[in-house]
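# Chain and residue survey
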Amino acid sequence: MIEQSFLNNIIKNPYLITKLDFDQLSLVFREAVKLFREETIILELKQKYPHEKVIVIGDLHGDLKSLMRLVEIIKPENPKYVIFLGDIVDRGLYQLECLILVLALKIKDSNKFYLLRGNHETLEVNKNYGFFQDFLKRFKDPKKFNQVEAIYNALPYCVLVNESILCLHGGIPEDINAINRLRGTKTSEINWTFENTAKSLLQIMWNDPKPNLKGFTESFRGKDIKFFGKDVFTDFMRENKLDYLIRAHERFPEGYKWFFNKRLLSIFSSANYRGTVPIIPASYAIIRNKTVTPKIIS
Ligand SMILES: [Mn+2]
């Protein structure tokens, strides 16, 4: 069992995470993985009372300062649920610290905090964007990364809030029935040999909306990854009986961006992306009842 005082200490002062040895981190990984394995690919959360809030957080990419500020903002808001849309690691200065902090929050309050899989929650992407190298520098043995991968492989892909607001990292999949088909399935039960499922999960993590576009078109991001236009988005929303979609995955100079008649909100929660580029406003979203409001981290 993991000690509450240990979790409280690293949540209070996440810079302590830098000094932890692998055995201590391993406790966090193993405890968190158990929790994620109990969850379904498409999580379904409901607010019980109208005044309750849900907070949705976008890409962090190792920006511990933005994450710590969010933790501070969240507290007095007292939300019922907090949903991280993934891309916790790669690029920034405090990647492991961000990941462990999010996992510590999950372990401490597992019915409040949820983490979804972003496209950077994979080993191949971590090898290209820094987290794997950072990890090796610290812990030497690549086998130790298996525990991080176990977390990635256990993460859910979407949250459906109040049956009408869908939260995910990238975008809608081409298969309009994917969400309904995957509902109720645990990550351990994913049939990766079923091409349709593998492709849909990839697209949920990687796709991007594009104004003034018809249908799905090829993306610069890679094979099977798509841009999607307003027509297919509207079809998807109607078919799945959805009011809003909240996603992350892209940064905008204004901090967040509405698409498609304000039914798709794109947020990004790292202000100091890569630790070097000019600081932009970071954003998050608040769901209350059936409304979605973007906020800038101040
Ligand atoms: Mn992303």
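Residues numbered from 1 in each chain as written. Predicted model: local features only at pLDDT ≥ 70, side-chain atom pairs only at ≥ 80, totals over all residues. Heavy atoms only, no water.

Here we come to the overall build of the protein. Check the secondary structure of the protein and you find ten helices and 14 strands. A compact globule built from 298 residues should have a C-alpha radius of gyration of about 19 Å, and the protein, at 18 Å, falls within 12% of that. A total of 298 residues make up the protein; the buried ones form 57% of that total. Within the protein, residue pairs in contact and separated by at least 24 positions form 70% of the contacts whose partners lie at least 6 positions apart. Within the structure as shown, the protein displays about 13300 Å² of accessible surface, and the carbon and sulfur contribution to it stands at 50%. In the protein, 44 side chains carry a positive charge and 35 a negative one; their mean positions are 4 Å apart. (Helix = DSSP H or I, 4+ residues; strand = E, 2+ residues; numbered from the N terminus. Rg over C-alpha atoms; globule rule 2.2 N^0.38 Å. Buried < 20%, exposed > 50% of the residue type's maximum accessible area, 1.4 Å probe, protein only. Contact = heavy atoms within 4.5 Å. Areas by Shrake-Rupley, 256 points an atom, 1.4 Å probe, with all protein chains shown as cover. Lys, Arg positive; Asp, Glu negative; His and termini not counted. Charge placed at Lys NZ, Arg CZ, Asp CG, Glu CD.)

Reading across from one edge, β1-β5-β6-β10-β12-β11 is the order of the six strands in this open sheet, with mixed pairing throughout. The open sheet has two free edges, formed respectively by β1 (42-45) and β11 (256-259), since each of these has just one partner strand. Strand-to-strand twist across the sheet, computed as the mean angle between neighbouring axes with direction ignored, equals 20°. Summarising the sheet, strand β10 (residues 244-247) and strand β12 (residues 264-267) pair through three bridges and their orientation is parallel. For Leu245, the partnering residue across the bridge sits in β12 and is Leu264. (Pairing = 2+ DSSP bridges. Axes fitted to C-alpha atoms, helices over the stretch in contact; angles between N-to-C directions.)

Moving on: the nonpolar core. Core analysis: the largest hydrophobic core is formed by 54 residues, its most contacted members being Phe29, Ile57, Phe84, Ile88, Leu103 and Phe131. Here this core takes ten residues from helix α4 (residues 95-108), the largest share from any one element. Of all hydrophobic cores here, the second largest spans 28 residues; its members include Tyr157, Leu166, Ile225 and Phe228. (Core = buried A, V, L, I, M, F, W, Y, C linked by side-chain atoms within 4.5 Å.)

Right, let's get into the environment of Asn146. If you trace the backbone, Asn146 turns up in helix α7 (residues 146-154). Among the residues examined, Asn146 registers a relative accessible area of 45% and is labelled partly exposed.

This part takes up the packing of aromatic side chains. Overall, the coordinates contain 18 aromatic pairs when judged by the stated rule. Pairing Tyr15 with Tyr94 gives two aromatic rings, centres 5.4 Å apart and planes at 85°, and the pair type is edge-to-face. Of this pair, Tyr15 sits in the loop between α1 (4-12) and α2 (22-37) while Tyr94 is found in the loop between β3 (81-84) and α4, placing the two residues 79 residues apart along the sequence. Where Phe135 meets Phe145, the ring centres are 5.0 Å apart and the plane angle is 85°; that geometry is what we call edge-to-face. Note that Phe135 is positioned in helix α6 (residues 131-139) and Phe145 in the loop between α6 and α7, a separation of ten residues in sequence. Here a set of aromatic residues connected by ring pairs shows up, and it is made of Phe22, Phe131, Phe132, Phe135, Phe139, Phe145 and Tyr152. When the ring centre of Phe132 is taken as origin, the NZ or CZ atom of Lys127, which lies over that ring, is 5.3 Å away. A cation over a ring is seen here: Lys210 above Phe227, with NZ or CZ 4.3 Å from the ring centre. (Phe/Tyr/Trp six-rings, centres within 6.5 Å; stacked < 30°, edge-to-face > 60°. Lys NZ or Arg CZ within 6 Å of the ring centre and 35° of its normal.)

A few words on the coordination of the manganese ion. The protein atoms donating to the manganese ion are Asp87 (OD), Asn119 (OD1), His169 (NE2) and His249 (ND1), with metal-donor distances spanning 2.1 to 2.2 Å. In the primary sequence, the donor residues of the manganese ion line up as D-x31-N-x49-H-x79-H. With Asn119 in the loop between β4 (113-115) and α5 (123-129) and His169 in the loop between β6 (165-168) and α8 (178-182), the pair connects residues that are 50 residues apart, well separated along the chain. (Donors = N, O, S within 2.8 Å, 3.2 Å for Na, K, Ca; no water.)

Before going further, it helps to examine α2. Taking 1.5 Å per residue as the helical rise, α2 with its 16 residues ought to reach 22 Å, and the 22 Å between its terminal C-alpha atoms agrees with that figure. Those residues of α2 not exposed but buried are Phe22, Leu25, Ser26, Val28, Phe29, Glu31, Ala32, Val33 and Phe36. Buried residues belonging to α2 abut α1, α4, β4, α6 and α7. Measuring from the side-chain oxygen of the N-cap residue of α2 to the backbone nitrogen of Asp23 gives 3.2 Å; that N-cap residue is Asp21. (Expected span 1.5 Å × (residues − 1). Polar contact = N/O pair within 3.5 Å; in protein donor to acceptor, adjacent residues only side chain to side chain.)

Attention shifts here to the packing of helix α3 (residues 64-77) against α4. Viewed as axis vectors pointing N to C, α3 and α4 meet at an angle of 20°, and their least axial separation amounts to 9 Å. Taken together, the axis directions place α3 and α4 in an arrangement best described as roughly parallel. Handedness of the α3/α4 crossing: left-handed. Contact residues: Leu64, Leu67 and Val71 in α3; Glu97, Cys98, Leu101, Val102 and Leu105 in α4. Residues belonging to the contact of α3 with α4 are distributed by class as follows: seven nonpolar, no polar and one charged. (Parallel < 35°, antiparallel > 145°, perpendicular 65-115°, else oblique. Left-handed = near helix turned anticlockwise from the far one by under 90°. Nonpolar A, V, L, I, M, F, W, Y, C, P; charged D, E, K, R; others polar.)

Spatial strand order, β7-β9-β8: three strands in an open sheet with mixed pairing. Here the strands that pair on one side only, and so sit at the sheet edges, are β7 (208-209) and β8 (216-218). Pairing of β8 with strand β9 (residues 226-228), which is carried by three bridges, proceeds in the antiparallel orientation. Bridging from a neighbouring strand, Phe216 pairs with Phe228 of β9.

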